[in-house]
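Spelled out from the first residue to the last, the chains are:
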Amino acid sequence: MLLRSAMERPVRCPRIPDPRRPFSSSVIDSVTTSIRPFPDYSPKKSSIRDSEFVDRVTTALKQRRSEPLRSVLSPFASRFRSDHLIWVLPHLRSDLALVVALLRWYRSRKNPIPTEAQAIAAHIAVASGHHGTARHLLYEGLASHKHFVEQVVYTYKYWCSDPSVFDLLFWAALESDRIDEAHNLFSHLVSYGNVVSVDVCNALLARLPVDEMLSVFVQFPVSGVRWNAKSYNIIIHGLCSVGKVGEAHRILLEMEAQASVSPDVVSYSTLIDGYCCVGESRKAMELFDDMSTKGLKPNSFTYNSIITLLCKNGKVVEAERVLLGMVNHGVAPDTVVYTTMINGFCKNGNLPAVDRLVGEMKKSGLVPDAVTYTALIYGLSRSGKMAEADQVFQEMLHKGLNPDEVTYTSLIDGYCKKGKMKDAFHLHNEMLQMGLIPNVVTYTALSDGLCKQGQVEAANELLHEMCAMGLELNLCTYNSLINGLCKSGNIDQAVRTMVDMEAAGISPDAYSYTTLMDAYCKAGEMDRAHGLLREMLDKGIQPSVVTFNVLMNGFCAARMLEDGKRLLGWMVEKNILPNTTTYNSLMKQYCIDKNMKATTEIYRGMCTQGVMPDENTYNILIRGHCRARNMKEACYFHGEMVKRGFHLRDSSYNALIKGLVRKKRLLEARKLFEEMRVAGLVADRDIYNIFIDLNYGQGNMELTLELCDEAVEKWLVESKTNETSKHGL
DNA sequence: TTAGGGTTAG
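Note that the coordinates shown come from a computational prediction; the quantities given were computed from them, not determined experimentally. (Residues numbered from 1 in each chain as written. Chains lettered and ligands numbered in written order. Predicted model: local features only at pLDDT ≥ 70, side-chain atom pairs only at ≥ 80, totals over all residues. Heavy atoms only, no water.)

Colleague: How should I be thinking about the protein's contact with DNA strand B in this particular structure?
Modeller: Looking at DNA strand B, there are 56 residues lining it, with Asn233, Lys347, Lys417, Asn479 and Asn549 nearest. Among atoms of DNA strand B positioned within 4 Å of the protein, sugar and phosphate together represent 42%. In the environment of DNA strand B, a base oxygen lies 2.5 Å from a nitrogen or oxygen atom belonging to the side chain of Asn233. Residue Thr444 places a side-chain N or O atom 3.0 Å away from a base oxygen belonging to DNA strand B. (Near = heavy atom within 4 Å. Polar contact = N/O pair within 3.5 Å; in protein donor to acceptor, adjacent residues only side chain to side chain.)

What follows is the structure, given as structure tokens:
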């Protein structure tokens, strides 16, 4: 929430204080005139009677050191007041253990310890060098006394005079999330001409939202704090984390311009990561080169940011080249770098490469951690290999690693994508039992799974439940819901959902528009789809290659091939490279029109552009050439697709077999027919008739009968089933 | 003080 408010508010870049001239003269005047010495405190005077009592208590405590404190103090307990505690403490300053025990005894009698006594005890601990105990006492003091900071300052001069007490108090305030108390202490100290160390000031900087961080960064030097490289790095990181990478870069340049603070590997790595996160790879690489010129050696953080960016852009091979580069430069990749690479290959669906990297990683003596396992589970789930994903999940548990929300969500999403909603919800319950709280990503995966099963109402209900739990729908959730509504034919409701989404303060993106455009294209409403394209362009939303593919499909289906070709040109103009799907749509339609000349032209253009044909491309080309009776070309593409490990679809088998029979190439046709049967695909009725006649003619009665049975089962039974369903029986 | 994992469209 704080971060969000920082992102929304404009962040002003601070003016860097010049350490050579830290203060302007007016500031020096105002600081020096307001400085005063620490207060002269001394405990209030006791009466003679009280003094005698305190002496007796002190003597008993010291002389009977080995006895339980409770029994030593029991004769004094009824008279012992809070003032006595304060008067006894000076006598025990050389015995911290006794001080702590006395406080514990006093508290155990249901008496609140006075603020002054708590502060004094902390001072005694610092003065005796026991910083751990001091920290504990300071935590307690902050937690139970309203004016504890003031009291520590007030009693300082008399009891301690070791300024490290203020650093410890500052730490205690930060670690118990009392930022205001830390500020309060800072102001008090400034008024006495003192400041806490730069280390604790850095800890404060790192805990502040960006705008407050910047204001502290500018204000503290006025009081005498001298920032170091770590401070500047925290600022660079803060600015990068809210996307203000340009301003972060200015800070780095200011560091370079100064004599006292120079940017180090962390400064550069942080800024490089900032540029990588906003996708500015060129700037990131420039900085990477600058580092070497300045004699700074990139570390595994630096390399990992570059590798992450390349993987995100799908350039996994290039990313692995960077990994090899780092090894050659003597930087050993760690678990994080391997996990980044593994995740890159998982996203690419390249599971053999994932296996190879896991092997390499283990060979280097690195142990996969929970994040590595989650990436592996995600990769397997994405590829639909749920049995393997579950096996890795079990291995993770066996190794004593704790799955978290991300691990469970990866598995849940995998089951949802396979339509196994029962398994997905079982895991959802399991994570609840483990004490893990499903978040909006988990619910989006479940909701998307339900939508894809046609259960949009159930998805809606689930999301209502999610909202009742205090979670809010995000962009992905809305987009998934819009998709579910479109696919179930409720385009109007999908449009209304987009309106709701905007009302909830979430702006639609390229996904939202593309989904709706696809629905309109499939409904043949090209004008509406085009209108949406104009709307998204007006809003400055960059269409993706999928947006164009959706339109391309629409144009092709509406037989508007010229518009399709124009769209292809426009894509290139807009620097959005057409992919295999784009070309496949156009080729498919030209094939339907039996225009194999245009199809071949497009196929060649695609290859020239370096776009690789996929399984769909080959199936389209084979069917097209068969329809056009170009069996030579059809067989050539069949050979090519086999070489590349792709498979024919049933319609392509049918087309090829019929074409070959037509050309009397019966041996080849028979081979394909057998292959098709083995693959469990159904051949056309005509094809069965051809091979039944052929085998009968050749006297192969056994095979003839087998084919007759198969044909009856596949064709007659099926047509009867269709008949009954047609009549609603 | 800096880096890695999960949700949406063809």
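Colleague: Got a minute to help me understand the packing of helix α18 (residues 300-312) against helix α19 (residues 316-328) in this structure?
Modeller: The geometry of a pair of packed helices is captured by two quantities: the angle between their axes and the separation between those axes. Relative to each other, α18 and α19 sit at 165°, their axes nearing to 8 Å. By the criterion of interaxial angle, the relationship of α18 to α19 is roughly antiparallel. Considering how the two elements wind past one another, α18 and α19 form a crossing that is right-handed. Of the residues in α19, those touching α18 at Ser300, Tyr303, Ile306, Ile307, Leu310 and Cys311 are Val316, Glu318, Ala319, Val322, Leu323 and Met326. (Axes fitted to C-alpha atoms, helices over the stretch in contact; angles between N-to-C directions. Helix = DSSP H or I, 4+ residues; strand = E, 2+ residues; numbered from the N terminus. Parallel < 35°, antiparallel > 145°, perpendicular 65-115°, else oblique. Left-handed = near helix turned anticlockwise from the far one by under 90°. Contact = heavy atoms within 4.5 Å.)

Colleague: What is the right way to look at the side chain of Thr547 in this model?
Modeller: Take Thr547: it is sitting in helix α32 (residues 545-557). A polar contact of 2.9 Å, which involves the side chain of Thr547, links it to the side chain of Thr514. For Thr547, the contacting residues outside a window of four places in its chain are Thr514, Met517, Leu533 and Met536.

Colleague: How do you make sense of helix α37 (residues 631-643) when you look at a structure like this?
Modeller: Three- or four-residue spacings in an α-helix give side chains the same orientation, since the helix completes a turn every 3.6 residues. With 13 residues, α37 extends 18 Å from end C-alpha to end C-alpha; this agrees with the ideal 18 Å at 1.5 Å per step. Burial in α37 covers these residues: Met631, Ala634, Phe637, His638 and Met641. Projected down its long axis, α37 carries its buried residues within an arc of 125°, all on one side. Along α37, the residues that are exposed and aim more than 90 degrees away from the buried face are Lys632, Tyr636 and Lys643. Taken together, the buried residues of α37 touch α35 (596-608), α36 (615-627), α38 (650-662) and α39 (666-678). Of the residues flanking the end of α37, it is Gly645, one or two places downstream, whose phi is positive at about 80°. (Expected span 1.5 Å × (residues − 1). Buried < 20%, exposed > 50% of the residue type's maximum accessible area, 1.4 Å probe, protein only. Arc of directions from axis to C-beta.)

Colleague: Sorry if this is basic, but what is going on with the confidence of the model for chain A here?
Modeller: Note that predicted coordinates carrying low pLDDT should not be read in detail. Across chain A, the average pLDDT comes to 90, with 93% of residues at 70 or higher. With pLDDT under 50 throughout, residues 1-33 is counted as low confidence; its partners more than four residues away or in other chains account for 43 contacts. (pLDDT = per-residue confidence, 0-100.)

Colleague: So what exactly am I meant to see when it comes to the packing of α38 against α39 here?
Modeller: At a minimum axis separation of 8 Å, α38 and α39 run at an interaxial angle of 160°. It follows that α38 is roughly antiparallel to α39 by the angle criterion. Of the two elements, α38 crosses α39, and the hand of that crossing is left-handed. Note on element contacts: α39 touches α38 through Leu666, Glu668, Ala669, Leu672, Phe673, Glu675 and Met676, opposite Asp650, Tyr653, Asn654, Leu656, Ile657, Leu660 and Val661. Residue classes in the contact of α38 with α39 are distributed as 10 nonpolar, one polar and three charged. (Nonpolar A, V, L, I, M, F, W, Y, C, P; charged D, E, K, R; others polar.)

Colleague: Help me out: how do you make sense of the pattern of salt bridges in this one?
Modeller: Two side chains of opposite charge can pair, provided their charged atoms sit close to one another. Within the structure shown, the criterion is met by 30 salt bridges. In this structure, Asp40 and Lys157 form a salt bridge, with 2.7 Å as the shortest nitrogen-oxygen distance. Placement of the pair is Asp40 in the loop between α2 (25-34) and α3 (48-63) and Lys157 in helix α9 (residues 148-159), with a sequence separation of 117 residues. Classification of Lys157 as partly exposed rests on a relative accessible area of 37%. Of the charged contacts in the structure, one is a salt bridge between Lys417 and Asp413, with a shortest N-O distance of 2.7 Å. (Salt bridge = Lys/Arg side-chain N within 4 Å of Asp/Glu carboxyl O.)

Colleague: How do you make sense of helix α28 (residues 475-487) when you look at a structure like this?
Modeller: Its 13 residues give α28 an end-to-end C-alpha distance of 18 Å, which sits within 8% of 18 Å, the value for a rise of 1.5 Å per residue. Summarising burial for α28: 10 of the 13 residues are buried, a large majority. Those residues of α28 that fall on the buried side of the exposure criterion are Thr477, Tyr478, Asn479, Ser480, Leu481, Ile482, Asn483, Gly484, Leu485 and Cys486. Residues of α28 that are buried sit in contact with α26 (440-452), α27 (456-468), α29 (491-503) and α30 (510-522). Capping of α28 at its N-terminal end is provided by Asn474; its side-chain oxygen lies 3.0 Å from the backbone amide nitrogen of Cys476. Note on α28: the residue one or two positions beyond its end, Gly489, has a positive phi of about 85°.

Colleague: Please explain the packing of aromatic side chains as it appears in this structure.
Modeller: Remark: the centre distance and the inter-plane angle together describe each pair of aromatic rings, the angle taken between the planes. In this structure the tally under the stated criterion is 24 aromatic pairs. Judged by centre distance (5.2 Å) and plane angle (65°), the ring pair of Tyr41 and Tyr154 falls under edge-to-face. Placement of Tyr41 in the loop between α2 and α3 and of Tyr154 in helix α9 is noted, with a sequence separation of 113 residues between them. Classification of Tyr41 by relative accessible area gives buried; the value is 6%. Owing to a relative accessible area of 39%, Tyr154 belongs among the partly exposed residues under this scheme. With a centroid separation of 5.2 Å and 85° between ring planes, the pair formed by Tyr603 and Phe637 is classed as edge-to-face. Separated by 34 residues along the polypeptide, Tyr603 in helix α35 and Phe637 in helix α37 bring together distant segments of the chain. Each member of the pair Tyr603 and Phe637 is classed as buried. Aromatic rings pair up to connect Phe53, Phe76, Phe80, Trp105 and Tyr106 into one cluster. (Phe/Tyr/Trp six-rings, centres within 6.5 Å; stacked < 30°, edge-to-face > 60°.)

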